[in-house]
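A closer look at the structure
Listed below are the residues making up each chain.
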Amino acid sequence: MPVSVVRFNLVEPGASPAALGARYRAALDMAAYADEHGVTTVQTEEHHGVDNNWLPSPFAFAGAVFGATRTIAVTVSAVIGPLHDPLRLAEDIAVLDLLSGGRLVTVAGIGYRPEEYALFDVDWKRRGRLQDELLETLLKAWTGEEFEYRGRTVRVTPRPLTDPHPLLLVGGSSKAAARRAARLGLPFFPSAHLPELEAYYKERLTEYGTEGWTMMPTAETPLLHIAEDPDRAWADYGEHFLHEARTYASWQSGDIHSAVRSAATTVAELREEGVYRILTPDECVAAGLDNLVLHPLAGGMPVAEGWRSLRLFAETVLPALPA
């Protein structure tokens, strides 16, 4: 059966704290509903200082999701590793792993927005070295044993539930990221469909004598919204998708590869492009996608419309997919 994902980044431009609180609570209710209807994964992410209120604390959100659900996984894709204290992140992930029974998946990237590094007074030029330190520290910390960290001996408790450690993937679209994953024997999560980078990662596994695997987006992984009348939905809600697409486009330089990459400047262009798709339930089933990523609250989508999309997805699309 295809993998089913419900994605949340909790964006709402210009929202008041009360409106954002309502959106956050709606997302938790949606996660619980998705869990009850067999959705595979909730996906969330991390960005800082964004005017449209993009979620900055994915692990706090993941903890709330785990409290509202029983079986669904939560993938943080991605945590911006160099912005985090390695020891504290090791503790946070260990606690979430224990709390969830091993349902947390963490993709560690280095980000692509220098503004986020400036916000936390972290040196952008040192991001590769900081990421190396972070990943190495996490792996040592989760053993529960003492180890050397920045010139002193430390020990992190509690140990996580998952053996040998919580699922940790290295994300990115560069050879440096692929080498980092291979050197540490960690799985690699390319940020887009990049077969040549996957091949490079496998070569480096052989070079380092380590083992690993790749979780790579398929060539076609659109962000979905389900509606009984796509024409009406594009007319009424297309601006929300365009807002997110334009936000991403403003962040991505020529050497950044992302599964969400749009050049559209109008709703009509965005619809033609196919990165975001509004489909009927029958069209979604017929698309034959290996990964179905529903984005019910994209770009500040009204909560009521997000619920309509999610219910059609869970109650009409998922039961019709091949087992």
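Residues numbered from 1 in each chain as written. Predicted model: local features only at pLDDT ≥ 70, side-chain atom pairs only at ≥ 80, totals over all residues. Heavy atoms only, no water.

Within the protein, the secondary structure is distributed over 11 helices and 11 strands. Counting every position in the protein, which comprises 323 residues, the buried fraction comes to 53%. In the protein, of all internal contacts separated by at least 6 residues, the share reaching a separation of at least 24 is 73%. Counting only carbon and sulfur atoms, one obtains 51% of the accessible surface of the protein, whose full area is about 14,200 Å². Counting 29 positive and 43 negative side-chain charges, the protein places the centres of these two groups 6 Å from one another. (Helix = DSSP H or I, 4+ residues; strand = E, 2+ residues; numbered from the N terminus. Buried < 20%, exposed > 50% of the residue type's maximum accessible area, 1.4 Å probe, protein only. Contact = heavy atoms within 4.5 Å. Areas by Shrake-Rupley, 256 points an atom, 1.4 Å probe, with all protein chains shown as cover. Lys, Arg positive; Asp, Glu negative; His and termini not counted. Charge placed at Lys NZ, Arg CZ, Asp CG, Glu CD.)

A separate point is unusual backbone geometry. In this structure, Ala78 follows Ser77 across a cis peptide bond, with omega equal to 15°. In this structure, Ala78 sits in strand S3 (residues 73-80). With an omega dihedral of 5°, the bond running from Asp163 to Pro164 counts as a cis peptide bond. Residue placement: Pro164 occurs in the loop between strand S6 (152-154) and strand S7 (167-172). Unlike most non-glycine residues, Leu10 shows phi in positive territory, near 60°. Within the secondary structure, Leu10 sits in the loop between strand S1 (3-7) and helix H1 (17-36). Of the residues examined, Leu10 reaches a relative accessible area of 2% and is grouped as buried. The phi torsion at Asp121 lies on the positive side, around 55°, for a residue other than glycine. Checked against the element boundaries, Asp121 lands in the loop between helix H4 (114-119) and helix H5 (127-141).

What follows is about the sheet that holds strand S9 (residues 223-226). Spatially, the 9 strands line up as an open sheet ordered S8-S7-S4-S3-S2-S1-S11-S9-S10, and their pairing is parallel. Two strands close off the open sheet at either side, each with one partner strand: strand S8 (188-190) and strand S10 (276-279). Ignoring strand direction, the axes of neighbouring strands in this sheet form an average angle of 30°. Pairing of S1 with strand S2 (residues 41-44), which is carried by 3 bridges, proceeds in the parallel orientation. Bridging across to S2, Val6 finds its partner in Val42. Packing of H5 onto the sheet brings it into contact with strand S4 (104-109) and S7, and relative to S7 it is tilted by some 170°. (Pairing = 2+ DSSP bridges. Axes fitted to C-alpha atoms, helices over the stretch in contact; angles between N-to-C directions.)

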